[in-house]
Protein chains: 4
Amino acid sequence: MINVGVLGATGAVGQRFVELLSDHPWFNLTTLAASERSAGKPYGKVVNWRLETPFPEKIAKLKVTAITPSAMKDVDLVFSALPAEIAQDVENTFADAGIAVCSNASSHRMEPNVPLVVPEVNPEHLGLIDVQRDAGRDGFIVTNPNCSTIMLVSALAPLRKFKFSDIRVATMQAISGAGFAGVAAMSIYDNIIPYIGKEEEKMETETLKIMGTLKGKKVVNAPFQVSASCHRVPVIDGHTMAVWVDIKEPVETVKKAYADYKPPIKGLPTQPAESVHLCAEEDRPQPRLDRMRGHGMTVSVGRVREGLRFVAMGHNTIRGAAGASVLNAELISKKKYL
Amino acid sequence: MINVGVLGATGAVGQRFVELLSDHPWFNLTTLAASERSAGKPYGKVVNWRLETPFPEKIAKLKVTAITPSAMKDVDLVFSALPAEIAQDVENTFADAGIAVCSNASSHRMEPNVPLVVPEVNPEHLGLIDVQRDAGRDGFIVTNPNCSTIMLVSALAPLRKFKFSDIRVATMQAISGAGFAGVAAMSIYDNIIPYIGKEEEKMETETLKIMGTLKGKKVVNAPFQVSASCHRVPVIDGHTMAVWVDIKEPVETVKKAYADYKPPIKGLPTQPAESVHLCAEEDRPQPRLDRMRGHGMTVSVGRVREGLRFVAMGHNTIRGAAGASVLNAELISKKKYL
Amino acid sequence: MINVGVLGATGAVGQRFVELLSDHPWFNLTTLAASERSAGKPYGKVVNWRLETPFPEKIAKLKVTAITPSAMKDVDLVFSALPAEIAQDVENTFADAGIAVCSNASSHRMEPNVPLVVPEVNPEHLGLIDVQRDAGRDGFIVTNPNCSTIMLVSALAPLRKFKFSDIRVATMQAISGAGFAGVAAMSIYDNIIPYIGKEEEKMETETLKIMGTLKGKKVVNAPFQVSASCHRVPVIDGHTMAVWVDIKEPVETVKKAYADYKPPIKGLPTQPAESVHLCAEEDRPQPRLDRMRGHGMTVSVGRVREGLRFVAMGHNTIRGAAGASVLNAELISKKKYL
Amino acid sequence: MINVGVLGATGAVGQRFVELLSDHPWFNLTTLAASERSAGKPYGKVVNWRLETPFPEKIAKLKVTAITPSAMKDVDLVFSALPAEIAQDVENTFADAGIAVCSNASSHRMEPNVPLVVPEVNPEHLGLIDVQRDAGRDGFIVTNPNCSTIMLVSALAPLRKFKFSDIRVATMQAISGAGFAGVAAMSIYDNIIPYIGKEEEKMETETLKIMGTLKGKKVVNAPFQVSASCHRVPVIDGHTMAVWVDIKEPVETVKKAYADYKPPIKGLPTQPAESVHLCAEEDRPQPRLDRMRGHGMTVSVGRVREGLRFVAMGHNTIRGAAGASVLNAELISKKKYL
C-alpha cells in the first residue's frame, strides 16, 4: 500500500478524491491538506460534504494538515485539487521534496517535461518523468487534462487509425465543473452561458499534446487543428459535446472502430470495463442517465453519423478530474515510477 | 384592417399567435379555430393559457370554430399553428378556398412553388406566390422555416457579402420548441437530449432554400453545405447555437458587417429595430437575458471570433415561430398580395 | 428463495422494483408482467430504462408476460406497480388465485380488511391478512401508503410517546412521483404547481389508518387530525415536507426521541440502519444530498424547533413506493404469512 | 416631479428600482449611488444588467455617486437597496440630513418609531413619520417588510373582518430573493434548502407590527401568533406559500371576502388594479405563470379550502422589494409628507 494525500481536500474535486481514495486497493489515504483555516481540525468538522454518496466516516477524524511537504511527511504521492494560481508553486515544492504529484490543476500541463496523460490514450507519455528526474528532481509532476479535453481525447482515441486533421467541438458543460460555488443559480437557471474562461484554449492545446508523439525527451504535437466553442448549461454533472472530425471512412467503419476498441493499458483498479462506450440508442448519451456508466469513468459516445459527427459525454468531476488523476497514479504505480 | 384567423389556436404556438395578433395595427383577429372538441365554445373557456403575459381578455369570448374554410368565412388570411401531419391537407384546402395561409408547419416548406421566407433574409421569394396563382389557385401558402433555421439564416444574412460554403452548427434548443407537453420533466431536468427528430434535416435543407436565389419561377438552392447537430437543453425559451462558417475575412471585418447590417425590408409592425444584434459582452447572448430583445424578434449574435465561429440565439416561439409567420403576413400585405 | 413477479414492470415504480429485486437475498425475480403490447418480448427490448443505476443485464432476456395469474404460475408473491384504475380488479384476481399481492397502488389501501403497512410503524397490522383468509381467500393483498404519507408516518412514529392530535403538513414533492411522463417540463420548470390530485386526501386518511390500533379484526383510526397542503416542485426525486405537530414537550426532548428511536422490527434485508435519521445541520435535510441515505430507505428529519415544527424528507420512489412494498414483502415472509 | 435616488443601485433589488423608476410619472431618477469602486463612472459601465427587461438606455450615462447625502444633494427621497449591515447607519445619516428614506433593508423595520408599511394593508402607520419628526429629525425612514412577509400580509388583509389568531405558513421561496450571487447553482439545482437565515423570525415579527394598530405614537402589535417554516426552491422569481389561518367561517364566505376586497388606498401609480387576485383554477397560483400579474405587484391567492388553508404567491423582487418601496414613496408623496 502506498501512502497518499490530497491537497485541497475540501473543495468539489477534493471531495471526489476523498470519495475515490477512501477505500482504494493500492493507496492508503493518510493525509488531507487544506487551507490554514482548516488545518489542525478533524476533516469531518471542516468539510461541507456535498456529494450524493455517503460521507466516508472512517476519514472523519483524520486531522487536516497544512499544504506543505513537511506537514505531510509519510506520503509518497499527493493528489492536487488546488486552484491553478496556487498549484503552480505548491506542486513544484512537493516535487522538489521528493513526492510524486498527480495534479488536476492546469498550471503545469503544458510544460514540455510534464506528462499530460490519460492512461487509456497516451500512457507512454509517462516517459517524461525520467526527463524531470534527469533534471535533478527527486519527485515529479504528472498532470491530467482539463475535464472537457478528457472526454474529447477519449472519444478520439479509437479513431486514431483513421486519417483526420480538423476537429470542431461544441461543448455543453455541467455546473459542477466550476466548483461548488462557481456558478450562481441566477446565472444559469433557465439559461446557457456561452463562455467559459480559457476553456476553449485548453481544449485546443491540450488535445494536441496528449495525442502527440513522445520522441526522445519531448512530445511532438499531433498534427491536428481543434476549434472549440464552450458553453455552460444547467446540468449538474456530465460534460456533453458535439464533435465533427474530417474522417472520410463510412459511418459503419467508424462505429466498428468504437465497438472493437481496446485501450493500450488494462488492469488498473479505477479503470472501467469500457473506456469508451458506444450507445446504440438514437438519443443517447444523456448526462443524467449515462454519466455514472463505469462508476463515472466511462466516456459515452453516440449518434455517430455522416459528417463525420458524433456526441460524446462523460462525468466531469470523476472521469474528467479526480478519477483521471487517480488513474494516472495507478499507472505510475504499475509502471514502477514510485 | 385585414380579417385574420388562427388555425390551432390553443397550443403553444397558437397562443403566441393570439398574443401577437390581439392588438395588431393591420390585422383584425376575428376567428380562432381549434379541434372539434373545442368548437363552439368561447376561447377563454377552452384555452389553458400558459404564457407569462396576461391573457388578452377581449379575445376570451370569441367562439372557437372548426378548422374549415366554411367555418371561417370572413377571414382573408389564416395563420397555421397546426401539427405537420394535419397541416398538409388542411392548408391546401384553405388555399384552394381562396384564403392566404401563413404557415408555421413544416408540411409545405420544401415544395418548389411555396415560398419559405424570412422577411429580413429573402423577401423576394414571395414571388413564388404568383407561381401558385398561375397554377390556378385562388389563395396561396407561404411558410416560415423551422425555429432553429430562422436563427441560423438570420445570423448568416449579414455575412452574405463574404464567400463561404461550409457551415457547422450545434444547437442547444429550448423545451418550448416541442410544445407544452412535448418534453417530460423527467426527461430533460438535469439533462441534455442529443437528438430532436428531423431537426437536423430541416436545418440542412431549409437553409439552402431560404438563402437560394429566385430565378424565374423557381428557387435555386444556395451552394452551401450545412451540417447540424441538434440538442434539447433545460431552457424554457430561446434556441442557442454555436456556428462555424468558413469565412476567411478577419474577425473585425465580420463584426463590422454585423454592426452595419441593414435588412432588405423595413417598416413592418412586428419587425424589430435590429433583425440581428451584435452583443459586445464576451459571455452573451444568453437565452434568459437576451431572448426578449426586440420583443422576442431580434436574433442576438455574440462571441464572433477566429475560426470563424460565433454564437446565435433567438426566441424560438416568437422569432422562430408565431412572430415569423406574422412578419410574413405583414410583408405579404405590404407587397399587395392580398 | 421465494419466486416473485412484478405487475407493471416497465413504468417508473416498476423499474424501481426490478432494480431492488434483481439481486435480492430472499426473493427470486422470475416474472415481469406488463401491458399486452409488451407481452412475449424480452424485458430488455421493451423497457426504456430511465434509472441512473445500470440496467440489470441478467433480467434483460426475461420474457414479459401478460398481467394474469395464469401467465405467472410459478410466483408466490407479486408486487403491483399498476395504476390505481387497473389495480382494483387485477389485484383482486391475483389474491383470489392464491397469490400474495404487495401493492403500491391506492385502490385497496382504505379497505377495512386490507393492511396498510409501513413495517417500522405498524407491523402488527399484518394481522388483517388473517381476516382476508377467514373470508375465504387463498391469497391476500397488503398495501403500502402513498409516497408522501410514508414520509409523514415515518417521521411521526418516534413521537408516538408524546400526546398530539393536530398535524399540519405542507409538502414539496418531486416530479418522479407522477411517473416518467406525468409532468411536462413546460409545467414545472422555474415553477411550482400547488395541487396534486387526491394527494391531500390520501395523506389525511391514510395516516390515521396506519397510526391506528388493530383491535380484534379491525383497525381503529388514530385520533388525529391531519391537514395537508401538497405542492409539486422542480426536484427529480425526494419529497420534502414542513410539519407542525401540537406536541408540548421541549424541543430537546423531541430530538432525543428521534435520536433514541428503535423501530419495532429489525433484520429485514431492505431495512435501513436508521428508519429515521435526525440531521444535525441547520439546513438539512435536502433532497439531492439526503435522499439516498440508507440506500434511499431512510427518512431524514431536521430543523426540529419550537412550534413544534420540523422538516422531513425521503426518496419517493424507493422509500415511498417500490422499497416500501419490498419491505412489506420481507415482513410478510419473516412473519410466515406465505 | 420629485427628485429621487437609489442607494445600492447595481444589485438585484437596485436594478429593480432603476427599472421601476426610469419612467415614473411622479419621480425623477437623478442619482444612482453605489460602492466606491463604481463611484464616478457611468451607470451603464458599472452595472451588469441581469433583468430580462431591456436596460433603460437613458440612465446609462448617469454618473454613479458615493453613498453619502453630500454626493446626492438634489434628491428629496432615496430608495435603499443596501444590505442590512450597511443600511443601519447609512439610512440614519440620510434621514438626519433631511432626506426621506424608503428602505427595503431590514435594519430599521422593527424600530418603534419607524413605519413598516404596505400601502394596501396599513397606510395609516405612516403617522409614525410625525413621531420621527417630533424627535427632531429633518428627514425620516419608512420601511417595507421582508419579501415573504409582504405576500402573507397582503393575503391576510382581506380576512381582517374575520376572527383569527393562529397562522402557520410554509414558504417556497425563489432564488432571486438572495440576490444575484446569493445561491450557488450547485446548492439549489434539483434540490430544496429548508432554511433561510432569519427569514422565519422576520415573518413572525413583522406580520404582527404591520397588522397592528397605530395608537397615539406607537403601534400595538396584532394579537396573532405566526409560525413560519421557510424553504428555498429552484424557482427564479416568485415566493409561494401554503397558509393556515384559524378562521371558522365557511370557505365560500372567505372566497367572497377576497372577491369583494377593496384596499384602503387607491390611485398610486405603481398600485395594481388588484392588490390580491383570487385564482379560480384549482392548480393556481403558479410562480412562473402568475408572478407578473399586475406588472408584478399583485399577490395571487388560490386553493382557498377548508382548514382554513390557501396558497399565496407574489413576485419577490417587485411586489416583495423594490415595488413595495416605490409604492410606499408614492403614498408618502400623496399624503404630503415630503
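Everything quoted here is computed from the prediction, not taken from an experiment.

### Some points on the interface of chain C and chain A
On the side of chain A, 14 residues touch chain C, which itself brings 14 residues to the contact. Connecting chain C to chain A are two salt bridges. Linking C:R288 and A:E52 is a salt bridge whose minimum nitrogen-to-oxygen distance equals 3.2 Å. Counting the contacts that link chain C with chain A gives four residue pairs in polar contact (both at pLDDT 80 or more). Along the lines of polarity and charge, the residues of the side of chain C that touches chain A split into seven nonpolar, one polar and six charged.

### Comments concerning the relation of the copies chain A and chain B
Taken as rigid bodies, chain A and chain B are interconverted by a rotation of 180 degrees and an axial shift of 0.0 Å, the fit giving an RMSD of 0.0 Å. Read as a symmetry element, the transformation amounts to a two-fold axis. Taken as a fraction of all interface residues of chain A, those also at the interface in chain B reach 100%, which identifies the copy contact as same-surface.

### Regarding the sheet that holds strand β12 (residues 276-278) of chain D
Residues and elements named next belong to chain D. Strand order in the open sheet formed by six strands is β10-β7-β11-β14-β13-β12, with mixed pairing between adjacent strands. Edge positions in the open sheet fall to β10 (225-232) and β12, since each of these has one partner strand only. The average angle at which neighbouring strand axes cross in this sheet is 20 degrees, direction not considered. As defined by bridge partners, strand β7 (residues 166-173) adjoins strand β11 (residues 239-245) across six bridges and the pair is classed as antiparallel. For A170, the partnering residue across the bridge sits in β11 and is A242.

### Some details on the domain arrangement of chain A
All names here are of chain A. We note that the domain assignment places domain 1 (2-146 + 321-334) and domain 2 (147-315) within chain A. Taking the mean C-alpha position of each, domain 1 and domain 2 sit 24 Å from one another. Contact residues are listed per partner, giving 37 residues for domain 1 and 38 residues for domain 2. Of the roughly 3000 Å² buried between domain 1 and domain 2 on both sides combined, carbon and sulfur atoms contribute 67%. In terms of surface lost to domain 2, no three residues of domain 1 exceed E120, V121 and N146, which account for 26% of the buried area on that side. Across the domain 1-domain 2 interface, the total number found is three salt bridges. Linking R109 and E206 is a salt bridge whose minimum nitrogen-to-oxygen distance equals 2.8 Å. Taken together, the connections running from domain 1 to domain 2 amount to 15 residue pairs in polar contact (both at pLDDT 80 or more). At the level of secondary structure, the elements contributing two or more residues to the side of domain 1 that touches domain 2 comprise α1 (12-21), α4 (128-134) and α10 (318-334). Broken down by element, the residue count for the side of domain 1 that touches domain 2 peaks at seven residues, all from α10. Of the residues that constitute the side of domain 1 that touches domain 2, the class distribution is 17 nonpolar, eleven polar and nine charged.

### Describing the environment of C:A157
All names here are of chain C. Here A157 lies in the loop between α5 (147-156) and β7 (166-173). A relative accessible area of 6% places A157 in the buried class. Counting along the chain gives 105 residues from A157 to K262, while the straight-line C-alpha distance between them is 9.9 Å.

### Topic: the UniProt feature "active site" (unreviewed entry) in chain A
Residue and element names in this part refer to chain A. The sites that UniProt annotates as "active site" (unreviewed entry) are C147 and H239. Annotated residues spanning 93 residues; largest pairwise C-alpha distance 8.0 Å, indicating a single compact cluster. Here C147 shows up in helix α5 (residues 147-156). Those residues in contact with C147, other than ones at most four positions away along the chain, are E199, H239, N316 and G320. Mapping H239 onto the fold places it in strand β11 (residues 239-245). A distance of 3.4 Å separates the side chain of H239 from the side chain of Q173, its partner in a polar contact.

### Section: the interface of chain A and chain B
Taken residue by residue, the interface counts 42 residues in chain A and 42 residues in chain B. Between chain A and chain B, roughly 3500 Å² of surface is buried when both sides are summed, and carbon and sulfur atoms account for 51% of that area. For chain A, the biggest contributors to the area lost against chain B are A:D190, A:W244 and A:R288; these three give 20% of the whole. Joining chain A to chain B, the criterion identifies eight salt bridges. With a closest N to O distance of 2.8 Å, A:R291 and B:D190 form a salt bridge. Between chain A and chain B we count 32 residue pairs in polar contact (both at pLDDT 80 or more) in total.

### Some words on the sheet that holds strand β1 (residues 2-7) of chain C
Residue and element names in this part refer to chain C. Judged by pairing direction, the sheet is parallel, and its six strands sit side by side in the order β3-β2-β1-β4-β5-β6 without closing on themselves. Lying at the two open borders of the sheet, with one neighbouring strand each, are β3 (64-65) and β6 (140-143). Strand direction decides the pairing type here: strand β2 (residues 27-33) and β3, joined by two bridges, are parallel. The residue of β3 that forms the bridge with L32 is V64.

Definitions and limits used
- Residues numbered from 1 in each chain as written.
- Chains lettered and ligands numbered in written order.
- Predicted model: local features only at pLDDT ≥ 70, side-chain atom pairs only at ≥ 80, totals over all residues.
- Heavy atoms only, no water.
- Contact = heavy atoms within 4.5 Å.
- Salt bridge = Lys/Arg side-chain N within 4 Å of Asp/Glu carboxyl O.
- Polar contact = N/O pair within 3.5 Å; in protein donor to acceptor, adjacent residues only side chain to side chain.
- Nonpolar A, V, L, I, M, F, W, Y, C, P; charged D, E, K, R; others polar.
- Least-squares fit on C-alpha atoms with pLDDT ≥ 70 in both.
- Pairing = 2+ DSSP bridges.
- Helix = DSSP H or I, 4+ residues; strand = E, 2+ residues; numbered from the N terminus.
- Axes fitted to C-alpha atoms, helices over the stretch in contact; angles between N-to-C directions.
- Domains from an automatic or database assignment.
- Buried area = accessible area lost by both parts, 1.4 Å probe.
- Buried < 20%, exposed > 50% of the residue type's maximum accessible area, 1.4 Å probe, protein only.
- UniProt positions renumbered as here; feature names shortened; annotations may be inferred.

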